[in-house]
Amino acid sequence: MSASDFAQEFRLDKPCPNCGNHRMRVSQEKNPDDKVFCGSCNTFVCLYREAQDRLENDPKSEKEELIERVSNKDFDKGFDKDS
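This write-up is about the structure you can find in this document. (Residues numbered from 1 in each chain as written. Predicted model: local features only at pLDDT ≥ 70, side-chain atom pairs only at ≥ 80, totals over all residues. Heavy atoms only, no water.)

Evaluated as defined, the whole model comprises 6 salt bridges. Between Glu 64 and Arg 11 there is a salt bridge, with its nearest N and O atoms 2.2 Å apart. In this pair, Glu 64 is assigned in helix α2 (residues 62-71) and Arg 11 in strand β1 (residues 7-11), connecting sequence segments 53 residues apart. Of the two residues examined, Glu 64 and Arg 11, each falls in the buried class. Residue Arg 69 is joined to Glu 65 by a salt bridge in which the shortest nitrogen-to-oxygen separation is 3.6 Å. A residue pair is termed a helical-turn pair when its members lie 3 or 4 positions apart in one helix, as Arg 69 and Glu 65 do in helix α2 at 4 residues. By sharing partners, the salt bridges in this structure join Glu 9, Arg 23 and Arg 25 into a single network. (Salt bridge = Lys/Arg side-chain N within 4 Å of Asp/Glu carboxyl O. Helix = DSSP H or I, 4+ residues; strand = E, 2+ residues; numbered from the N terminus. Buried < 20%, exposed > 50% of the residue type's maximum accessible area, 1.4 Å probe, protein only.)

Shown next as structure tokens:
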């Protein structure tokens, strides 16, 4: 069993600075200080509280908003205003 077995993946509009992937991984606990890693190359990207802020507040194009909604539909963010 690996650490990724206890993680959830979600999509951020800002890609990984190392490989450009948008899929990120965070622990299932989703504590504000949990580290978010790239789902592809495992590079540290940000803290979960920073990812939450990006998901809630970063301006997105209509296309990006749609991609994010579809990609994150099964990710229980706990801060999705429309669900």
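Structure shown, so let's carry the discussion forward.
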